[in-house]
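Below, each chain spelled out in residue letters.
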Amino acid sequence: MQRPSSGRATWLSAMLIATCALAADHQDGAAVLTDPSTDINDVFAWTSPDGTKLNLVMDVFPAATTGAKFSNVAQYVFHTTSSPGYGMPAGASEDILCTFDTAQMVSCWGGGEYVHGDASNPAGITSSSGKLRVFAGLRDDPFFFNLDGFKATAAAVHGAAGSLTFDAAGCPALDANTSNALVTQLRSAPGGGAPSDHFKGLNTLALVVQIDRTLVTRGGATVGVWASTNK
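It should be emphasised that the depicted structure is a prediction, and the values quoted were computed from it without experimental measurement.

Caption draft 1: The overall build of the protein, seen in detail. A tally of regular secondary structure across the protein gives three helices and twelve strands. Across the protein, every contact between residues at least 6 apart in sequence was considered, and the portion connecting residues at least 24 apart equals 62%. Of the roughly 11,700 Å² that the protein leaves accessible, carbon and sulfur atoms contribute 58%.

Caption draft 2: Broad picture of the pairing of strand β12 (residues 222-230). Along β12, eight of the nine residues are buried, which leaves the element largely enclosed by surrounding structure. Bridge count for strand β5 (residues 75-83) against β12 is nine bridges, and the pairing is antiparallel. Bridging across to β12, Thr81 finds its partner in Gly224.

Caption draft 3: Just the confidence of the model for the protein, in detail. Of the residues in the protein, 86% reach a pLDDT of 70 or more, and the chain-wide mean stands at 87. Segment residues 1-8: pLDDT under 50, and 31 contacts once partners within four positions in sequence are set aside and those in other chains are kept.

Caption draft 4: Quick look at the pattern of salt bridges. For the structure shown, the criterion picks out three salt bridges. The partner of Lys231 in a salt bridge is Asp35, and the shortest N-O contact between them spans 2.5 Å. Of this pair, Lys231 sits in the segment after β12 while Asp35 sits in the loop between α1 (30-33) and β3 (40-47), and the two are 196 residues apart along the sequence. With relative accessibility at 16%, the residue Asp35 sits in the buried group. Measuring nitrogen to oxygen at the nearest pair gives 3.4 Å for the salt bridge that ties Arg218 to Glu94. Within this pair, whereas Arg218 is found in the loop between β11 (203-212) and β12, its partner Glu94 is found in strand β6 (residues 92-100), the two being separated by 124 residues in sequence. Judged by its relative accessible area of 19%, Glu94 is buried.

Caption draft 5: Molecular detail of the state of the cysteines. As enumerated under the stated definition, the model contains one disulfide in all. A sulfur-sulfur separation of 2.1 Å characterises the disulfide bridge that pairs Cys98 with Cys108. The S-S bond linking Cys98 to Cys108 shows a torsion near 115°; that makes this disulfide right-handed. Of this pair, Cys98 sits in strand β6 while Cys108 is found in strand β7 (residues 106-110), placing the two residues ten residues apart along the sequence. Among the residues examined, Cys98 registers a relative accessible area of 0% and is labelled buried. Using a relative accessible area of 0% as the deciding quantity, one classes Cys108 as buried.

Caption draft 6: Molecular detail of helix α2 (residues 147-160). Taking 1.5 Å per residue, 14 residues should reach 20 Å; α2 reaches 20 Å between its end C-alpha atoms and fits that length. Of all the positions in α2, only Leu147, Gly149 and Thr153 are classed as buried. Within α2, the buried residues cover an arc of 160° as seen down the axis, which keeps them to one side. Among the exposed residues of α2, those oriented more than 90 degrees off its buried face are Lys151, His158 and Gly159. On its buried face, α2 sits against α3 (176-186).

Caption draft 7: Quick peek at the side chain of Lys53. Following the sequence through the fold, Lys53 ends up in strand β4 (residues 53-64). A distance of 2.4 Å separates the side chain of Lys53 from the side chain of Asp212, its partner in a polar contact. With residues up to four places along the chain from it excluded, the contact list for Lys53 reads Trp46, Thr47, Ser48, Gly130, Lys131, Gln210, Ile211, Asp212 and Arg213.

Caption draft 8: Representation of the pairing of β6 in the model. Only one face of β6 is buried, namely the one carrying Ala92, Glu94, Ile96, Cys98 and Phe100, since none of Ser93, Asp95, Leu97 and Thr99 on the opposite face is buried. When β5 meets β6, the two strands line up antiparallel, connected through seven bridges. By the bridge assignment for β6, Val77 is matched with Leu97. Two strands pair when backbone bridges link them, and β6 and β7 are joined in this way by four bridges, in the antiparallel orientation. Bridge pairing in β7 places Cys98 opposite Cys108. Between β6 and β7, which pair antiparallel in sequence order, lie five residues; one of them, Gln104, sits at a positive phi of approximately 70°.

Calculation notes
- Residues numbered from 1 in each chain as written.
- Predicted model: local features only at pLDDT ≥ 70, side-chain atom pairs only at ≥ 80, totals over all residues.
- Heavy atoms only, no water.
- Helix = DSSP H or I, 4+ residues; strand = E, 2+ residues; numbered from the N terminus.
- Contact = heavy atoms within 4.5 Å.
- Areas by Shrake-Rupley, 256 points an atom, 1.4 Å probe, with all protein chains shown as cover.
- Buried < 20%, exposed > 50% of the residue type's maximum accessible area, 1.4 Å probe, protein only.
- Pairing = 2+ DSSP bridges.
- pLDDT = per-residue confidence, 0-100.
- Salt bridge = Lys/Arg side-chain N within 4 Å of Asp/Glu carboxyl O.
- Disulfide = S-S within 2.5 Å.
- Expected span 1.5 Å × (residues − 1).
- Arc of directions from axis to C-beta.
- Polar contact = N/O pair within 3.5 Å; in protein donor to acceptor, adjacent residues only side chain to side chain.

Below, the structure is given as structure tokens:
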């Protein structure tokens, strides 16, 4: 989704107790195609096993190479809201904002914490209190997408579009056999067989943040997360 005067935004929300929430797309929006360093591929959010930490990942730069860099003129932001329960009004919000300089030194602020430095080591860097940890660097693209199967499914739907009927909500009326055939194609190679991952062997730039959950749950235990890149 493209926002005026902003680079990219991707949304997700979840009750962050023991599950992982994610959202993904690649090369979506005309503006980010000219600057892949601001193109958000994936957003992931989950809590540590003991529930004390919130882990956030924003992947940018589709098909990144070893020469790929984070933008030195953009802000990379994880936006969080917290509430007493899912679907309830947010009681508080907290942003974790990160920027990079030309040398790829990162500066991140969030929950009253600050960290700065070279975050390319897998262990990352931490704030003085240890409540904020950041990693930034090249990683294997974690998203699995059966592009060939998707294209075959889309072609089948497009070919049948003229004969479909739609309900009041605009959804096509499909019988069980047709529905199952489309789902099977999405999970398979064209004509059958194992699906292939379009992103296999491709890399991305990953910005990974771990923050104490107490810093992002002032409004309640349920946390919503969305991410944006902004210029």
